[in-house]
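Commentary on secondary and tertiary structure
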Amino acid sequence: MKIASVQPKFSNNNSFKSKYTVRYTNIKGQWQFKLKDKNRGIKLSTKKLSNVSDVLKVNAENANKIFTSIKNSIMNSMDMTISRYFRARWDYDINQIPENMIRLQQAAAQYDIILNDKDVYARLLNLKHSNSNYLSDKNKKILNGMIETSSLNKKNSNCKDAVNLRMNLYNKSNSFVPLLDGKPVSYGEIENIIESNSEKNKVVKAYSEVYKKGDLLAEDLRNLVIERNKIAQEKGYSNYYDYVMEKSYGITTSIIKDLINQLSKVLNNAVIESKSFDLDIAPEDIIKLTKDTYKNMGFDIDEYIKSGKLTLDLLPRKNKSILSASYPISPTSDTRILTNIGSNEAGCRTFFHELGHSLMFLNMIPENFFFGKENNLFNEAVATMMQHLPFKENIVSFPNKDSLLKYMFRILRRIEFEIGMYENPNRDLKQLWHDLSVKYKYYDDKKELNNEWATVPHYITHPAYYQNYLRASIMSSQLYHYLTSKLGKLSENHKTAEFLKENVFKLYMSEDENNYMKKITGKELSVEYLIRDLQ
């Protein structure tokens with residue numbers, strides 16, 4: 001009970017009244033009051049406080065302090081564990097031998113232990129049930145996300161089966177060795193032949209190996225999708241794609257479908273004029289050109305390498321992963337890039353893209369890496385903006401519109417297929433892939449059905465991630481239009497790096513993409529800029 005000299009003024013807000021009961025009386029000219037949380041029956045502390053707002057403020061401070069204490073203890077453990085995990089993943093992806101796979105599995109298991117410690121989980125649950133109403137919105141989202149994804153959560157009973165299927169499928173995919181004219185080659189070389197599209201005979205042979213790999217993986221991937229759907233259905237969702245979209249990205253699948261419909265109308269009559277995507281530039285020259293471009297913007301890539309903050313593995317070879325990725329071994333101090341650069345448009349685009357990711361990691365706020373908004377689009381949007389830079393600003397001799405169309409056809413086909421696969425994994429997936437390939441102008445309707453869809457690595461490792469590339473493309477077009485209105489050509493302005501570091505990188509994983517775009521450009525995130533680029 002609290003004694004006040006004047007009658008306290010309590011909120012008339014309906015939300016306040018629905019949560020709290022206030023009782024007060026006047027005894028000998030002194031007002032006395034008690035504040036009670038209706039939902040949990042808890043009497044809130046009023047000691048040494050003069051009004052209700054002070055009571056709520058102190059309880060909020062206490063709740064956030066408790067959560068921050070738990071979060072920091074986890075972060076300290078996660079720092080080394082995540083670093084160990086990404087280092088093991090890097091070691092395996094640059095040299096996919098059995099010993100490195102064992103180390104990766106061990107690192108992943110250690111990471112799982114940190115996230116699923118029983119004592120930490122109990123403390124998080126207790127905080128959720130007793131004080132979560134007083135947490136900041138950011139901390140509340142983090143808390144709910146940690147509880148939601150923990151394997152200790154009873155709703156995650158099917159997770160282990162899906163994880164085992166995923167790992168076995170990942171191993172099977174990586175162990176496939178393609179042959180070209182009877183000789184083993186890396187899968188990266190196969191992809192470069194297809195991407196260049198310059199020697200028809202070689203392209204046909206390369207596709208033959210892709211189809212063999214697809215046949216090897218197709219049924220296992222279908223089963224993985226079915227197991228993932230079981231996880232989602234336990235949580236009340238129709239399928240795993242819908243679940244990931246809402247829980248990881250905060251949007252619904254219907255929003256992605258609407259975007260696909262809008263862009264499909266624009267692309268309906270679009271035609272890629274280029275017959276070959278070969279740039280007639282050696283991979284080593286693409287590497288130099290990319291570094292020089294970034295240096296013109298104010299990023300000295302060689303200096304990052306010299307300081308040990310950036311490591312590059314860029315050319316295809318035996319036992320190397322086909323993935324292109326940036327590995328944040330330790331945010332701000334150790335980032336690594338793996339890709340398989342060929343003498344083609346895709347090789348140039350990909351290296352520009354991955355450097356965008358790495359520079360974001362090296363210049364971000366470390367805490368946001370652990371507890372920021374999951375899979376925030378800032379990083380993907382900046383990387384996407386960078387990947388189109390060599391074509392938009394005529395750094396290489398290849399039509400910008402053809403590069404953009406080729407990229408959009410690729411991601412829209414893969415997104416639409418993945419949505420359809422999760423909605424009905426027992427359908428004829430070969431036919432679905434075929435129909436979408438015709439829609440997005442990969443080939444005509446006479447093409448024989450195939451399992452190429454099963455070779456898309458993201459379907460195994462990063463479910464529902466491809467839609468990120470679509471939303472990032474929308475965001476990057478708007479961001480590029482804004483930046484060039486202020487800075488001119490980005491590749492010719494040394495201040496580009498300074499602007500990105502201060503206005504984008506430091507905010508990575510701390511803001512919703514809509515809020516960010518409005519904050520930086522003054523306008524809501526809009527698809528109109530991408531549509532303008534495609535027309």
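Preceding this paragraph is the structure being described.
For the structure given in this document, a descriptive report is provided here. As a convention, each chain's residues are numbered from 1 in the sequence order in which they are written. At least 70 in pLDDT is required for a residue's local features to be given in this predicted model, at least 80 for side-chain atom pairs to be given and counted, and no such filter applies to totals for whole chains, interfaces and linings, which use all residues. No hydrogens and no water enter the side-chain calculation; it runs on all heavy atoms of the structure.

Remark: exposure states derive from per-residue accessible area (1.4 Å probe, protein chains only) relative to the maximum for the residue type, with buried under 20%, exposed over 50%, and partly exposed in between. The way it works is that DSSP assigns letters per residue, a run of H or I at least four long becomes a helix, a run of E at least two long becomes a strand, and they are numbered from the N terminus. The element strand E8 (residues 325-330) is largely enclosed, with a buried count of 5 among its 6 residues. Between any two strands, pairing holds if DSSP finds at least two bridges. In terms of strand pairing, E8 meets strand E9 (residues 334-338) through 5 bridges, oriented antiparallel. Residue tyrosine 327 lies in a different strand from E9, and its bridge partner there is arginine 336.

For the rest of this paragraph, the subject is the pattern of salt bridges. The salt bridge criterion pairs a side-chain nitrogen of Lys or Arg with a carboxyl oxygen of Asp or Glu, the two atoms within 4 Å. Evaluated as defined, the whole model comprises 22 salt bridges. Here lysine 205 ties to aspartate 181 by a salt bridge, and the two come within 2.5 Å at their closest N and O atoms. Of this pair, lysine 205 sits in helix H8 (residues 200-234) while aspartate 181 sits in the loop between strand E5 (179-180) and strand E6 (183-184); the two residues are 24 residues apart in sequence, bridging distant segments of the chain. Look at aspartate 181 and you get exposed, because its relative accessible area is 57%. Sharing partners across several salt bridges, the network here consists of Glu195, Glu345, Arg349, Lys406 and Arg410.

To estimate how far a helix should reach, multiply one less than its number of residues by 1.5 Å. Taking 1.5 Å of rise per residue, the 15 residues of helix H10 (residues 253-267) would be expected to cover 21 Å, and the 21 Å separating its terminal C-alpha atoms lies within 8% of that figure. Considered for burial, the residues of H10 that qualify are Thr253, Ile256, Leu259, Ile260, Leu263, Ser264 and Leu267. All buried residues of H10 project into a common sector of 135° when viewed along the axis, lining one side. On the buried face of H10, the contacting elements are helix H9 (240-249), helix H16 (400-423), helix H17 (429-439), helix H19 (466-487) and helix H22 (528-534). Starting at the helix axis, one direction is taken to each C-beta atom, and the arc is that of these directions. Contacts: residue pairs with any heavy atoms within 4.5 Å of one another.

Another point: the environment of lysine 318. Assignment of secondary structure puts lysine 318 in the loop between strand E7 (310-313) and E8. With 130 residues separating them along the chain, lysine 318 and glycine 188 place their C-alpha atoms 8.9 Å apart.

Compared with the 21 Å implied by 1.5 Å per residue over 15 residues, the 22 Å span of helix H11 (residues 283-297) between its first and last C-alpha is a close match. Those residues of H11 not exposed but buried are Pro283, Ile286, Ile287, Thr290, Thr293, Tyr294 and Met297. Buried positions in H11, seen along its axis, are confined to an arc of 130° and lie on one side of it. Packed against the buried residues of H11 are helix H12 (301-306), helix H13 (345-362), helix H15 (377-392) and helix H20 (495-503).

Turning our eyes to something else, we now look at the packing of H9 against H19. Only the stretch in contact is used when fitting a helix axis, every axis being a line fitted to C-alpha atoms; angles between N-to-C directions are given from 0 to 180 degrees. Between H9 and H19, the least distance of the axes is 12 Å, while the angle of their chain directions is 50°. Between H9 and H19, the crossing angle belongs to the class labelled oblique. For the pair H9 and H19, the contacting residues are Tyr241, Met245 and Tyr249 in the first and Gln467, Asn468 and Arg471 in the second. Each residue is assigned to one class: nonpolar for Ala, Val, Leu, Ile, Met, Phe, Trp, Tyr, Cys and Pro, charged for Asp, Glu, Lys and Arg, and polar for all the others, Gly among them. Residues belonging to the contact of H9 with H19 are distributed by class as follows: 3 nonpolar, 2 polar and 1 charged. Geometric relationships in this document are graded by angle, where less than 35 degrees denotes roughly parallel, more than 145 denotes roughly antiparallel, 65 to 115 denotes roughly perpendicular, and other angles denote oblique.

Everything listed is a geometric property; what it means functionally is a separate question.
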